[in-house]
Amino acid sequence: MSTIADNIGLVSQRIRAAAQAVQRDESSVHLLAVSKTKPAQAVREAYAAGMRDFGENYLQEALGKQAELTDLPLSWHFIGPIQSNKTRAIAENFAWVHSVDRLKIAQRLSEQRPADLPPLNICIQVNVSGEASKSGCTPADLPALAEAIQALPRLKLRGLMAIPEPTDDRAQQDAAFARVRDLQASLNLGLDTLSMGMSHDLESAIAQGATWVRIGTALFGARDYGQP
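Predicted model, so just to flag it, every value in this text is computed and none were measured. (Residues numbered from 1 in each chain as written. Predicted model: local features only at pLDDT ≥ 70, side-chain atom pairs only at ≥ 80, totals over all residues. Heavy atoms only, no water.)

Further remarks concern the overall build of the chain. A count of helices and strands for the chain gives nine helices and eight strands. The C-alpha atoms of the chain give a radius of gyration of 17 Å, which matches the 17 Å a tight globule of 228 residues would have. Overall size of the chain, expressed as C-alpha extent along the three principal axes, is 50 × 40 × 30 Å. The buried share of the chain, reckoned over its 228 residues, is 50%. Once local pairs closer than 6 in sequence are excluded, the contacts in the chain between residues at least 24 apart make up 60%. Here the chain displays about 10500 Å² of accessible surface, and carbon together with sulfur accounts for 50% of that area. (Helix = DSSP H or I, 4+ residues; strand = E, 2+ residues; numbered from the N terminus. Rg over C-alpha atoms; globule rule 2.2 N^0.38 Å. Buried < 20%, exposed > 50% of the residue type's maximum accessible area, 1.4 Å probe, protein only. Contact = heavy atoms within 4.5 Å. Areas by Shrake-Rupley, 256 points an atom, 1.4 Å probe, with all protein chains shown as cover.)

As structure tokens, this is what we get:
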């Protein structure tokens, strides 16, 4: 049975190979360990294997893990849908938010980010596949939203995040990720981050410019949605 450390090694090899295939420096691609539904002990094991950045979708679960892991110098990324009543705790306890999709949420994060913390790193989630079930602003709404967020204090707009419709077709994967890349370039705001790619499609995402790949299953195994 493979360990978390083994899995991190295997995913790191995939990232390295994918970057080399398109002549990218592998250090330009960062691995975000998606630890949602996994216990704090799994995060400790990943930390021991070299991981420092962890992504969480569910606020209460994340805050519980953070409380258990205060002895570790971890960087926490919020990557799930954001409700207005959750913004204060997110602003106070995370270094990155990858899932901002409307101005109201960004404004609340800006107002509630503690002054003694660095600016909160923000990615705008874009719904590039047009799925009704997916969060994310529309590509048409993106330019105005990006300009408004960039003007807010206590936030640092870094780039875009996307979760395209799942497919095993590499050409379709490439097309969706390329659209995210092109949308970011069209903003002409000097953004440096593309958060895209998961366990099943990280190679395509890296080929199209991903700087963060969000990996859960390939590191930690199947998710434990039945756990409290």
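The next point concerns the packing of aromatic side chains. As enumerated under the stated definition, the model contains three aromatic pairs in all. Their ring planes at 80° and their centres at 5.4 Å tell us that Phe 78 and Phe 94 sit as a pair that is edge-to-face. Of the two residues, Phe 78 is situated in strand S3 (residues 75-78) and Phe 94 in the loop between helix H4 (87-93) and strand S4 (96-100); the sequence distance between them amounts to 16 residues. A relative accessible area of 2% places Phe 78 in the buried class. (Phe/Tyr/Trp six-rings, centres within 6.5 Å; stacked < 30°, edge-to-face > 60°.)

Relative to the assigned elements, Ile 149 resides in helix H6 (residues 142-150). Contacts of Ile 149, omitting those with residues within four sequence positions, involve Val 100, Leu 103, Ala 106, Ile 122, Ile 124, Leu 155 and Leu 157.

Attention now moves to the UniProt feature "domain: Alanine racemase N-terminal" (unreviewed entry) in the chain. Here the UniProt feature "domain: Alanine racemase N-terminal" (unreviewed entry) sits at residues 14-223. Across residues 14-223, helical content stands at 39% and strand content at 18%; the span's end C-alpha atoms are separated by 21 Å. (UniProt positions renumbered as here; feature names shortened; annotations may be inferred.)

Let us now look at the nonpolar core. By size, the foremost hydrophobic cluster in this structure holds 62 residues, and its most contacted members are Leu 109 and Ile 124. With six residues, helix H1 (residues 4-21) is the largest single contributor of residues to this core. Contact partners of Leu 109, with chain neighbours within four places excluded, come to Thr 87, Ile 90, Ala 91, Val 97, Val 100, Leu 120, Ile 122 and Leu 155. Among the nonpolar cores identified, the runner-up in size contains seven residues, and Leu 32, Val 34, Ile 79 and Trp 96 belong to it. (Core = buried A, V, L, I, M, F, W, Y, C linked by side-chain atoms within 4.5 Å.)

So, about H6. Residues of H6 that are buried: Leu 142, Leu 145, Ala 146 and Ile 149. The arc that holds the buried residues of H6, viewed along the axis, is 100°, so those residues lie on one side. Facing away from the buried surface of H6 by more than 90 degrees, the exposed residues are Ala 144 and Glu 147. Turning to H6, the residues buried within the fold contact S4, helix H5 (103-112), strand S5 (120-125), strand S6 (155-161) and helix H7 (170-187). (Arc of directions from axis to C-beta.)

This paragraph deals with the pattern of salt bridges. One pass over the structure, following the stated rule, counts nine salt bridges. For Arg 16, the salt bridge identified is with Glu 26, shortest N-O distance 3.2 Å. Of this pair, Arg 16 sits in helix H1 while Glu 26 sits in the loop between H1 and strand S1 (30-34), placing them ten residues apart in sequence. With relative accessibility at 35%, the residue Glu 26 sits in the partly exposed group. In this structure, the salt-bridge partner of Arg 170 is Asp 174, at a minimum N-O distance of 2.8 Å. Here Asp 174 and Arg 170 lie together in helix H7, a separation of four residues that amounts to about one turn. Residue classification places Arg 170 among the partly exposed residues on the basis of a relative accessible area of 39%. Salt bridges sharing common partners tie together Glu 56, Glu 61 and Lys 65. (Salt bridge = Lys/Arg side-chain N within 4 Å of Asp/Glu carboxyl O.)

For the rest of this paragraph, the subject is the layout of surface pockets. Empty space among the atoms can be located by rolling a probe the size of a water molecule over them. Of the voids in this model, the largest pocket is the one considered here, and its volume is about 350 Å³. Lining the largest pocket are 19 residues, with Lys 36, Asn 57, Ile 163, Met 198 and Arg 214 sitting closest to its centre. Looking at the lining of the largest pocket, its residues break down into seven nonpolar, eight polar and four charged. (1 Å grid on protein atoms, 1.4 Å probe; cavity = no way out; pocket = protein on both sides within 12 Å on 5 of 7 lines; lining within 4 Å. Points joined across faces, edges and corners; volume = space filled by probe spheres on them. Nonpolar A, V, L, I, M, F, W, Y, C, P; charged D, E, K, R; others polar.)

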